Amino acid sequence: MRDFIAGLPKAELHLHIEGTLRPEAVVRLGQRNGVDLPFDSASGVVRALADRPAGLEGFLDHHYLVGDTICTGEDFFEVTHELLETCRLNNIVYVELFFDPQAHTSRGIPFDAVVDGIQRGLEQGRADFAVDANLIMCINRERTVESALEMLDQARPHRDRIIGLGMDSYEEGNPPRKFVDVFARARQEGYRLTAHCDVDQTKSVQHIWECIDLLGVDRIDHGVNCIEDPALVAELVRRDICLTPCPVWRSTDPGPQDIDRIRTMYDLGLRITLNSDDPGEFDSGYLTDLMTGVQDPSGYSKADMTRLAINAFEGSWLDRVAKDRHIAAVLEYATSHGVAPT
Ligand code: HPA
Ligand code: ZN
């Protein structure tokens, strides 16, 4: 099964560039840029990762601390190029990559330096590893609406290099409706739209409704709590909205997180994909390891794993021709391994 999953052509739709830093990279970049960190060795970072409080806030506090070691366009280039190399090793042939502009511009790094560095990494990575990618800028939802609008202004010269708008970060007290005007403007400017609805937040279900009814998103990141509301599930299926849950795990977890609920989403006919979110910060790592760790305890067959891979291409923002080309490659792979896709 592991070999089958490893060879499966895959797309990754929920991955944050800032979450790809491995402990060694945190220390290397931190020292190079003179960033003051509460740890001076990779094992210190590993310990901090294991000890951090469970839940979104504990994760994010650590995530932004280590993300601040990325300081220059050259850093973004390096990190992005290395990510695409790792995608190649996982047979991830296409990635839609999140980045958090405000987390960097608020530290004085110009928006242009961030985008130019990442784009150079994507171009070099495409040439070196044959991995294709598109960029999604995320609103940090705890920041102001004005700050999000300013981000859209800064993105304007890069419009053709950023495919979509997302929204992430601290969800409690920051409902999707806060950013209705920002999403409306982004839609007008031609961006595709997605938003995080993290697991077990206060009012998770209401937030998913707001995302589809008020923000008009094409996709929902995480969205696991939708299964609590049959009318919401029916609407997500009817509109064919793709959801991107992340069954990640930490060394201290008994297994991949939320896999029973994610299996329920799959069985309800929702278009779900499996995603690694922040592979440098979870022990689940990248998709080959994550999907292998999830498959057996979830009871997914090879045909199910094939369906999940197809969902990711279908739910992506590639054009129809590219989607069909990738899906044909997945089907050919499955058939050559004696798997009849469902
Ligand atoms: N949720 C919210 N914010 C994030 C995440 C996430 O999964 N990953 C990185 N920033
Ligand atoms: Zn995420």
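Up top you'll find the structure we're talking about.
The text that follows walks through the structure, step by step, so that each part is easy to find. All figures in this text were calculated on a predicted structure; none of them were measured in a lab.

**Quick word on helix H3 (residues 42-51)**
The α-helix winds at 3.6 residues per turn, so residues separated by three or four positions along the chain end up facing the same way. The complete set of buried residues in H3 reads Gly44, Val45 and Leu49. Around the axis of H3, the buried residues are gathered within 140° of arc, so they sit on the same side. Across H3 from its buried face, at more than 90 degrees, point the exposed residues Arg47 and Asp51. In this structure, the buried residues of H3 make contact with helix H2 (23-32) and helix H4 (56-67).

**Focus: the coordination of the zinc ion (ligand 2)**
Looking at the zinc ion (ligand 2), one finds its protein donor set to be His14 (NE2), His16 (NE2), His196 (NE2) and Asp277 (OD), positioned 2.1 to 2.3 Å from the metal centre. Taken in sequence order, the residues that donate to the zinc ion (ligand 2) follow the motif H-x1-H-x179-H-x80-D. Separated by 182 residues along the polypeptide, His14 in strand E1 (residues 10-16) and His196 in strand E5 (residues 192-197) bring together distant segments of the chain. The pair His14 / His196 is uniform in exposure class, with both members buried.

**With respect to the nonpolar core**
Formed by 107 residues in total, the largest nonpolar core has its most connected members in Phe99, Met137 and Phe183. In terms of residue count, helix H14 (residues 302-315) provides more of this core than any other element does, 7 residues in total. Apart from residues lying up to four places away in sequence, Phe99 is in contact with Ile17, Glu18, Phe111, Val114, Val115, Ile118, Leu135, Ile136, Met137, Cys138 and Ile162. Phe98, Cys138, Ile163 and Trp317 belong to the second largest nonpolar core, which has 5 residues in total.

**Let's talk about the side chain of Ser298**
Inspection of the secondary structure assignment puts Ser298 in helix H13 (residues 287-298). Accessibility expressed as a relative area gives 10% for Ser298, which makes it buried. Leave out the neighbours within four places in its chain, and Ser298 touches Ile259 and Arg263.

**Focus on unusual backbone geometry**
Despite not being glycine, Asp200 shows a phi value in the positive range, around 55°. Residue position: Asp200 is located in the loop between E5 and helix H10 (204-215). Unusually for a residue other than glycine, Asp277 sits at a positive phi of about 65°. Position of Asp277 relative to the elements: it lies in the loop between strand E8 (271-272) and H13.

**Things to note about the site of ligand 1**
In the vicinity of ligand 1, the contacting residues are His16, Leu56, Phe59, Leu60, His63, Asp168, Ser169, His196, Asp198, His222, Asp277 and Asp278. The separation between a nitrogen atom of ligand 1 and a polar main-chain atom of Ser169 is 2.9 Å. Measuring from an oxygen atom of ligand 1, one finds a side-chain N or O atom of His222 at 2.9 Å. Out of a free accessible area of 260 Å², ligand 1 has 99% covered by protein chains. Ranked by residue count, the leading element in the shell around ligand 1 is H4, at 4 residues. Considering only residue class, the shell around ligand 1 consists of 3 nonpolar, 5 polar and 4 charged.

The rules behind each value
- Residues numbered from 1 in each chain as written.
- Chains lettered and ligands numbered in written order.
- Predicted model: local features only at pLDDT ≥ 70, side-chain atom pairs only at ≥ 80, totals over all residues.
- Heavy atoms only, no water.
- Buried < 20%, exposed > 50% of the residue type's maximum accessible area, 1.4 Å probe, protein only.
- Helix = DSSP H or I, 4+ residues; strand = E, 2+ residues; numbered from the N terminus.
- Arc of directions from axis to C-beta.
- Contact = heavy atoms within 4.5 Å.
- Donors = N, O, S within 2.8 Å, 3.2 Å for Na, K, Ca; no water.
- Core = buried A, V, L, I, M, F, W, Y, C linked by side-chain atoms within 4.5 Å.
- Near = heavy atom within 4 Å.
- Polar contact = N/O pair within 3.5 Å; in protein donor to acceptor, adjacent residues only side chain to side chain.
- Areas by Shrake-Rupley, 256 points an atom, 1.4 Å probe, with all protein chains shown as cover.
- Nonpolar A, V, L, I, M, F, W, Y, C, P; charged D, E, K, R; others polar.

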